[in-house]
Amino acid sequence: MKLLASPAVRVGLSISIATGLYGVSFGALSVTSGLNFWQTMALSLLLFSGGSQFAFIGVVAGGGSGVAAMSAATLLGMRNGIYGMQLNALLHPTGWRRYVAAQLTIDESTATSTGQADPAEQRRGFWAAGIGIYVLWNLFTAVGALAGGGLGDPKQWGLDGAAVAAFLALLWPRLKGREPVAIAVVCALATVIAVPFVPAGVPILIAAVVAALIGWFSHGRSDEGLEPDVDPYAEHHHGHHGTGQAGT
Amino acid sequence: MNLWIWLLLACALAYAWKLVGYFVPARFLKDPRMSRVAGTMTIGLLASLTIVNTVASGQSLAADARLGALAVAAIALALRAPFLLVVVAGASTAALLRLIGWN
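Please read all numbers here as calculations on a predicted model, not as lab measurements.

Comments concerning the overall build of chain A
A count of helical and extended segments in chain A gives 12 helices and zero strands. Written out in order from the N terminus, the α and β elements of chain A read α-α-α-α-α-α-α-α-α-α-α-α. In terms of principal-axis extent, the alpha carbons of chain A reach across some 55 × 45 × 35 Å. Within chain A, the proportion of its 248 residues that are buried is 58%. The contacts of chain A with a sequence gap of at least 6 include a subset with a gap of at least 24, amounting to 72%. Carbon and sulfur atoms make up 70% of the accessible area of chain A, which totals about 9,800 Å².

This is the structure we're talking about:
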């Protein structure tokens, strides 16, 4: 296999395994949140963006309405639009490839692609990570959903604790530096204050507005918080992948 | 059935966000404000989802076994544990705390 000689493909495949595997937790948490098997699969097949999927089931699990779940997932998907712009400038996909590339545009495929210097490698990295994660994420979502459905009382297994840990794990890689930590604390506080006063699901949307206002009026890095959940190049370098105000 | 409608709408909107990026003129990338809002919103939403899942029970606040799950998950993440291990650690902590009687 000549393809395996490409560094970007190798990075893409290893990130596929690392990311794809945690589809198990999504699948299990989704069915214990009250979604059925096909609703769970629809999220992984059609929505395909880990954070947004967890947001959707997180709001449902907390007793929030379908509208609130949809809104939280949609707002969290906003960054994929930014990735789309970066990838379009980088890869220039044309015709039907553009529509497929759009669906495969997530944190990890973007990071794998933008982490390479050579245009051919950027392209290979994007497709290797995108297709690899898509296949494994859906496969392991199905495994998790089938296993989770047979668990009985989810609380007995601490699955609500698993949801807490999953969200913290999605947040963690983005907390690099003082500003993101401050944003997280402010939004967490706004949420806690709002919980007793508004319907379930709405505190999350209030936090989204607070975060958007901070982003609009602050002068921090332009790519603040746009880190992938799993860093494809974690073994090669540590710390910021940020490029500052210049963008990529 | 109701949930299906919102779920499919969420899927359609998620794809719309992704696709819109491929069709907007590249000069929008020159404005760092949009990227920054997308990033701060990601942080804010994930922080909010974390805390809601930790302390909210419907419309009231509760301090239960989930707080232990949060603490253990934070320790696991600080020790650079992989995602799945963090999730398993959170679940086992909550389950254990309930087993010893902290609701």
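Comments concerning the pattern of salt bridges
One pass over the structure, following the stated rule, counts six salt bridges over all chains. Taking the shortest distance from any N to any O, the salt bridge between arginine 98 of chain B and aspartate 160 of chain A comes out at 2.5 Å. Here aspartate 160 of chain A lies in helix 10 (residues 159-171) and arginine 98 of chain B lies in helix 4 (residues 83-99), a pairing that spans two chains. Like aspartate 160 of chain A, arginine 98 of chain B is buried.

A word on empty space enclosed by the protein
Evaluated as defined, the whole model comprises one cavity of 30 Å³ or more. Space inside the largest cavity adds up to approximately 90 Å³. Of the residues in the lining of the largest cavity, the class split is five nonpolar, four polar and four charged.

Some thoughts on the domain arrangement of chain B
Domain assignment breaks chain B into domain 1 (1-45) and domain 2 (63-103). The C-alpha centroid of domain 2 of chain B is placed 31 Å from the C-alpha centroid of domain 1 of chain B.

As for the packing of aromatic side chains
Evaluated as defined, the whole model comprises 10 aromatic pairs over all chains. Centroid distance phenylalanine 26 of chain A to tryptophan 137 of chain A: 6.0 Å. Interplanar angle 25 degrees. Geometry classified as stacked. With phenylalanine 26 of chain A in helix 2 (residues 23-32) and tryptophan 137 of chain A in helix 9 (residues 119-149), the pair connects residues that are 111 residues apart, well separated along the chain. Classification of tryptophan 137 of chain A by relative accessible area gives buried; the value is 2%. Relative to phenylalanine 83 of chain B, the ring of phenylalanine 54 of chain A lies with its centre 6.3 Å away and its plane at 45 degrees, an arrangement referred to as tilted. With phenylalanine 54 of chain A in helix 4 (residues 50-61) and phenylalanine 83 of chain B in helix 4, the pair connects residues from two separate chains.

Observations regarding the environment of tryptophan 38 of chain A
Take tryptophan 38 of chain A: it is sitting in helix 3 (residues 37-47). Distance in space between the C-alpha atoms of tryptophan 38 of chain A and cysteine 187 of chain A is 33 Å, their sequence separation being 149 residues.

A few points about the interface of chain B and chain A
Listed by partner, the interface residues are 66 residues for chain B and 97 residues for chain A. Here chain B packs against chain A, burying approximately 7,400 Å² in sum over the two surfaces, 76% of which is carbon and sulfur. Summed over the three residues of chain B that lose the most area to chain A, namely Lys18, Tyr22 and Phe83 of chain B, the buried surface amounts to 12% of that side. Viewed at the interface, chain A and chain B are joined by one salt bridge. For the pair chain B and chain A, the number of links is 18 residue pairs in polar contact (both at pLDDT 80 or more). Sorting the residues of the side of chain B that touches chain A by element identifies helix 1 (2-23), helix 2 (32-55), strand 2 (60-61), helix 3 (65-78) and helix 4 of chain B as the ones contributing at least two each. Looking at which element gives the most residues to the side of chain B that touches chain A, the answer is helix 2 of chain B, with 24 residues. Tallied by class, the residues present in the side of chain B that touches chain A amount to 46 nonpolar, 14 polar and six charged.

Thresholds, definitions, all that
For every chain, the first residue of its written sequence is number 1, and the numbers climb from 1 along that sequence. For this description, chains carry letters from A and ligands carry numbers from 1, given in the order in which they are written. Only residues with pLDDT of 70 or above have their local features reported here, since the model is predicted, and side-chain atom pairs are shown and tallied only from 80 upward, although totals for entire chains, interfaces and linings are computed over all residues. Side-chain figures throughout are based on the complete set of non-hydrogen atoms in the structure, without hydrogens or water. Strands here mean DSSP runs of E at least two residues long; helices mean DSSP runs of H or I at least four residues long; both are numbered from the N terminus. Three exposure classes are used, based on accessible area relative to the maximum for each residue type with a 1.4 Å probe and protein chains only: buried under 20%, partly exposed in between, and exposed over 50%. Note on contacts: a residue pair qualifies if any of its non-hydrogen atoms lie within 4.5 Å across the two residues. To be clear on the numbers: accessible area is Shrake-Rupley with a 1.4 Å probe, and residue cover counts the displayed protein chains and nothing else. Definition used for salt bridges: Asp or Glu carboxyl oxygen within 4 Å of a side-chain nitrogen of Lys or Arg. Grid points spaced at 1 Å and placed over the protein atoms alone form the basis of the search, with a cavity being a set where a 1.4 Å probe fits but cannot get out and a pocket an open set showing protein on both sides within 12 Å along at least five of seven lines. Lining residues have an atom within 4 Å of a point. Grid points are joined across faces, edges and corners, and a volume is the space filled by probe spheres set on the points. Residue polarity is assigned by list, with Asp, Glu, Lys and Arg as charged and Ala, Val, Leu, Ile, Met, Phe, Trp, Tyr, Cys and Pro as nonpolar; anything else, Gly included, falls into the polar class. Domains are outlined according to an automatic or database domain assignment. Aromatic contacts are taken between Phe, Tyr and Trp rings whose centres are within 6.5 Å, Trp giving its six-membered ring; a plane angle under 30 degrees counts as stacked, one over 60 as edge-to-face, and the others as tilted. In this description, buried area is defined as the sum, over both parts, of the accessible area (probe of 1.4 Å) that is lost when the two are combined. We call two N or O atoms a polar contact when they sit within 3.5 Å, provided that within protein one can donate a hydrogen and the other can accept it, with sequence-adjacent residues counted only if both atoms are side-chain atoms.

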